[in-house]
Amino acid sequence: ILVGLAFWVGYRVVRGVLHRALGRTHRIDAGVEQLILRVVRIVFVAFAVVTVLSQLGIQVAPLIAGLGIAGLAIGFAAQDTVKNLIAGVTILLDRPFRVGDNIELQDTFGTVEEITLRSTRVRTLDNQIAILPNAKVIEEKILNHSMHRALRVVVPFGIAYKESPQEARETVLALTADDARLHPDYESQVVVTALNDSSVD
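To keep things clear, this report deals only with the structure shown in the data block. Remember, predicted model here, so these are calculated numbers, not experimental data.

What follows covers the environment of Val-14. Looking at where Val-14 falls in the secondary structure, it is placed in helix α1 (residues 2–24). You can call Val-14 partly exposed: its relative accessible area is 30%. Put simply, Val-14 and Val-40 are 26 residues apart on the chain and 8.5 Å apart in space, counted from C-alpha to C-alpha. Apart from the residues within four sequence positions on either side, Val-14 is in contact with Val-40 and Phe-44.

We now examine the side chain of Ser-199. For Ser-199, the position within the fold is in the segment after α6 (165–175). A relative accessible area of 15% places Ser-199 in the buried class. Side chain to side chain, Ser-199 and Asp-201 meet in a polar contact 3.1 Å long. Residues within four places of Ser-199 in sequence aside, it is in contact with Gly-158, Ile-159, Tyr-161 and Ala-194.

Turning to a nonpolar patch on the surface, a few remarks are in order. The grouping of Leu-2, Leu-5, Trp-8, Val-9, Val-13 and Val-17 at the surface amounts to a nonpolar patch, some 610 Å² of accessible area in total. Along the chain, Val-9 turns up in helix α1. On the basis of relative accessibility, which here comes to 40%, the residue Val-9 falls in the partly exposed class.

For the rest of this paragraph, the subject is the pattern of salt bridges. Taken as a whole, this structure holds two salt bridges when the rule is applied. Glu-113 serves as the salt-bridge partner of Arg-123, at 3.2 Å between the closest nitrogen and oxygen. Here Arg-123 is found in strand β3 (residues 119–124), whereas its partner Glu-113 is found in strand β2 (residues 108–115), with ten residues between them in sequence. Note on Glu-113: relative accessible area 36%, which makes it partly exposed. The residue Arg-181 makes a salt bridge to Asp-179 at a minimum N-O spacing of 2.8 Å.

With that settled, the discussion passes to the environment of Leu-173. Considering the arrangement of structural elements, one finds Leu-173 in helix α6. For the pair Leu-173 and Ser-188, spaced 15 residues apart in sequence, the C-alpha separation works out to 6.9 Å. Sequence-distant contacts of Leu-173, that is, excluding residues within four places in its chain, are made with Ser-188, Gln-189 and Val-190.

A few words on the pairing of β2. When strand β1 (residues 102–105) meets β2, the two strands line up antiparallel, connected through four bridges. Looking at the pairing, Ile-103 lines up with Gly-110 of β2. The hairpin formed by β2 and β3 contains three residues between the paired strands.

A few words on the sheet that holds β1. Strand order across the open sheet formed by five strands is β4-β3-β2-β1-β5, with antiparallel pairing between neighbours. A strand with exactly one partner marks an edge of an open sheet, and here the two such strands are β4 (129–133) and β5 (143–144). As paired strands, β2 and β3 are joined by five bridges and run antiparallel to one another. Paired with Thr-111 across the strands is Arg-123, a residue of β3.

Calculation criteria
Residues numbered from 1 in each chain as written. Predicted model: local features only at pLDDT ≥ 70, side-chain atom pairs only at ≥ 80, totals over all residues. Heavy atoms only, no water. Helix = DSSP H or I, 4+ residues; strand = E, 2+ residues; numbered from the N terminus. Buried < 20%, exposed > 50% of the residue type's maximum accessible area, 1.4 Å probe, protein only. Contact = heavy atoms within 4.5 Å. Polar contact = N/O pair within 3.5 Å; in protein donor to acceptor, adjacent residues only side chain to side chain. Patch = residues over 30% accessible without salt bridge, like charges linked within 9 Å, V, L, I, M, F, W, Y side chains within 5 Å. Areas by Shrake-Rupley, 256 points an atom, 1.4 Å probe, with all protein chains shown as cover. Salt bridge = Lys/Arg side-chain N within 4 Å of Asp/Glu carboxyl O. Pairing = 2+ DSSP bridges.

In C-alpha cells, the structure reads:
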C-alpha cells in the first residue's frame, strides 16, 4: 500500500509539473500535451504494478513474458487499431493541421474539432461531425485553408455572348475596390475560364 501510494504521489507531482511546463510553451499542441501526459501515466502505472507485485513476493518475470506474448497476439488481431494509433501520433507530431483549422480531406470540408489517437473529428458546414480514421487521414491529400495569411476565393459566373467581357470585368472589379475583407497584397482578378454553349464563364 505504501509503495502504491508513493507512486501515486509521484505521478501527481510529475503530472502537475509537466502540465504547467507544457502550458507555458506555444509550440506544443493540446493533442501532443495529452499524448505526453497519457504516456507518463501508463509508465507510472506499469512501474507501480510491477513494484507492488514484487513486494508481495509474486514472480514478475514470467508475468511480463506472458503479457508480452499476449500483447503480440492482440497486436496481430488489432492491426487496424494499431495503425490508427501510430497515425494519430504522427499527426500530433507532424501537425499538418491543428484544432480549429479549416481543412478539406476525403471530400469533407470543415473545422477540426478534436484530434485523438484513433481518429480526427471534423465539423462540416452543415454542422455534422465527420469521424475520420487517422490511418486514412495520413494517406490522403490534406488541404489546410488556415495555414496562410490569405485564401483565394473563386466565384464563377456567366454572361451572355452579346455582352462585353471587358465591361463585365470592370463592373465586377469595381465591386471589390473598397472591400476591407480583401488582402491588400493580392489583387482581385476577373478572367474568362470557359466558352459554354449559352454563356461566357
